[in-house]
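Architecture at a glance
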Amino acid sequence: MKEDIQVKIHNREMGRLFYERDIDKYGFNYVNDSSPISLIMPYKKSTYSWNRYLHPIFDMNMPEGYLLELFKNYLNKKYSYIDDYLIFSYLAPNIESRLNYISWNDQKSFDGVDIQEICENDTKDTFESLVKMFFQKNAISGVQPKTTALLKDKESLATKEYIIKAWGEEYPYLAENEYFCLKAVEKTNVKIPNIQLSNHNNFLLVERFNYNKKQDSYYGFEEILVLLGKNKNQKYSGSYEQVVNTIYEVTTDKLKSMQDIFKTIVMNYLLKNGDAHLKNFGILYDDDFKSISFAPAYDIVNTTVYFYKDRPALTMFGKKGWFSKKHLIQFGQEHCYLSKSESMVLYDQCIDALENTIIELQAYINDNIKFKNIGSRMIDTWKLSLTDKPYKELPNEITRNWS
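A brief structural summary. (Residues numbered from 1 in each chain as written. Predicted model: local features only at pLDDT ≥ 70, side-chain atom pairs only at ≥ 80, totals over all residues. Heavy atoms only, no water.)

Topic: the overall build of the protein chain
Heads up, the condition is: In this description a helix means any DSSP run of H or I spanning at least four residues, a strand means any run of E spanning at least two, and both kinds are numbered starting from the N terminus. For the radius of gyration, the atoms used are the C-alpha atoms, and the globule rule reads 2.2 Å times the number of residues raised to 0.38. Burial here depends on accessible area, computed with a 1.4 Å probe over protein chains only, as a share of the maximum for the residue type. Under 20% is buried, over 50% is exposed, and the range in between is partly exposed. Whether two residues are in contact is decided by their heavy atoms: any pair within 4.5 Å suffices. Per-residue accessibility takes into account occlusion by the displayed protein chains alone, with areas from the Shrake-Rupley method and a 1.4 Å probe. Charge convention: Lys and Arg are scored as positive, Asp and Glu as negative, and His as well as the terminal groups of each chain are ignored. In this description, the location of a charge corresponds to atom NZ of lysine, CZ of arginine, CG of aspartate or CD of glutamate.
The helix and strand tally for the protein chain stands at 13 helices and 15 strands. Here the C-alpha atoms of the protein chain give a radius of gyration of 21 Å, agreeing with the 22 Å that 2.2 N^0.38 yields for 403 residues. When its C-alpha atoms are laid out on the principal axes, the protein chain stretches across 60 × 50 × 40 Å. Out of the 403 residues belonging to the protein chain, those deemed buried represent 55%. Considering only contacts in the protein chain between residues 6 or more positions apart, those separated by 24 or more positions represent 63%. A total of about 18400 Å² of accessible surface is found on the protein chain, and carbon and sulfur atoms cover 47% of it. Of the charged side chains in the protein chain, 51 are positive and 54 negative, and the gap between their average positions amounts to 3 Å.

Right, dumping it as structure tokens:
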């Protein structure tokens, strides 16, 4: 088996990734200095070494949860061992991004699947079929059941890459949960990916946002976790202060980025998203790095409807709790470079978005009775957000009647 992985940008080799398995050490060497593969890895002649884990720019593509278990079972059976380098080597040639790769595994040609057919037949069998069909493209993180898929639209004749998210008994109706949370964020004028629910609401289809249609190329995308030099096992070890400071340091339109990240953070608190960790914020950039922006908001769900004692994944002011307007406005002033009046205007936009989403969700529940239990819980927690009371976890009077 050929061990080294060629790392390319627009099919031009930039360097080689390798793994010294006997000492559990990863290395990357540049072969030319035309462009960095990551904002934290500028060109240098010596080796970029990383102990025990892949370099963050590669590690961010590693599958987690449901998909990771599938890869472990498949690759361990085939090769009689398993490690991150084997998994990444298997996936790398089929990753579509600014970086492309050549490894021992072949690049595979995938046919697109009709998007309407997937939406109409959003069953467990369909999902498992998609996982098998696009298995070698599943360089996506996150613990919930999900898969990458190429979907084609018969009307536009376009084929696009989507992430299809399903849900299991542990997190019922997660697709609808995330859909309404993301649509609430969109109401604040923060960009989100193109999303849609399948016909029976079992799948959430999320279009990849790293493709530059005008130039037929891919934007660079890096998670905040990458920019902090951390791996996936450290995604909960951080603060909102770190997230904001990192975004401010690297983005080009700093005012717009600070406004958008502030609104995204406020919405995470109002919507009760306790899983907003360091992998769930990112930046996008073009080839010449003249435009570096805050990436569209993604992976936002109300987690307290499943874990009523859930708290924010990241700290703010050194604590994990559901802060009130006063503290969030203070955060905007002290860390987002916003004035008090600017912070208050943006906060009020978020409140308006939440109030409108509550109305929409209530109407949706009336027409989708199966979602009543989870949907009503979401509304309960969102109405609590409107009372503007700080607390560490949901109070008993909110959760007492949850069945």
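Past the structure itself, the notes keep going.
As for helix H8 (residues 240-250)
Taken residue by residue, H8 has Tyr 240, Glu 241, Val 243, Val 244, Thr 246 and Ile 247 as its buried positions. Turning to H8, the residues buried within the fold contact helix H7 (224-227), helix H9 (254-271), strand S14 (282-285), strand S15 (292-294) and helix H10 (325-335).

Regarding the nonpolar core
What counts is decided by this rule: Buried residues of nine kinds, namely Ala, Val, Leu, Ile, Met, Phe, Trp, Tyr and Cys, make up a nonpolar core once their side-chain atoms join them within 4.5 Å.
Within the largest apolar cluster, 128 residues are counted, with the highest numbers of intra-cluster contacts made by Ile 37, Phe 58 and Phe 88. Residues within four places of Phe 88 in sequence aside, it is in contact with Ile 5, Leu 17, Leu 54, Phe 58, Asn 61, Met 62, Ile 95 and Tyr 101.

Focus: the packing of aromatic side chains
Applied cut-off: When the centres of two rings from Phe, Tyr and Trp lie within 6.5 Å, Trp using its six-membered ring, the rings pair. Their planes under 30 degrees apart give stacked, over 60 give edge-to-face, and anything left gives tilted. Placement of a charge over a ring requires the Lys NZ or Arg CZ to be within 6 Å of the ring centre, with the centre-to-atom vector within 35 degrees of the ring normal.
Scanning the entire structure with this criterion turns up 39 aromatic pairs. With a centroid separation of 6.1 Å and an interplanar angle of 70 degrees, the aromatic rings of Phe 71 and Tyr 90 are classed as edge-to-face. Taken as a pair, Phe 71 in helix H2 (residues 65-79) and Tyr 90 in helix H3 (residues 84-91) lie far apart in primary sequence, 19 residues in all. When its relative accessible area of 5% is taken as the criterion, Tyr 90 is described as buried. For the ring pair Tyr 79 and Trp 104, a centre distance of 5.5 Å and an interplane angle of 65 degrees mean the geometry is edge-to-face. In this pair, Tyr 79 sits in helix H2 while Trp 104 sits in the loop between strand S5 (99-102) and strand S6 (113-114), placing the two residues 25 residues apart along the sequence. Linked through ring pairs, Phe 28, Tyr 30, Tyr 43, Tyr 48, Phe 58, Phe 88 and Tyr 101 together constitute an aromatic cluster. It is Lys 44 that lies over the ring of Tyr 48; its NZ or CZ is 4.1 Å from the centre. A cation over a ring is seen here: Lys 254 above Tyr 248, with NZ or CZ 5.0 Å from the ring centre.

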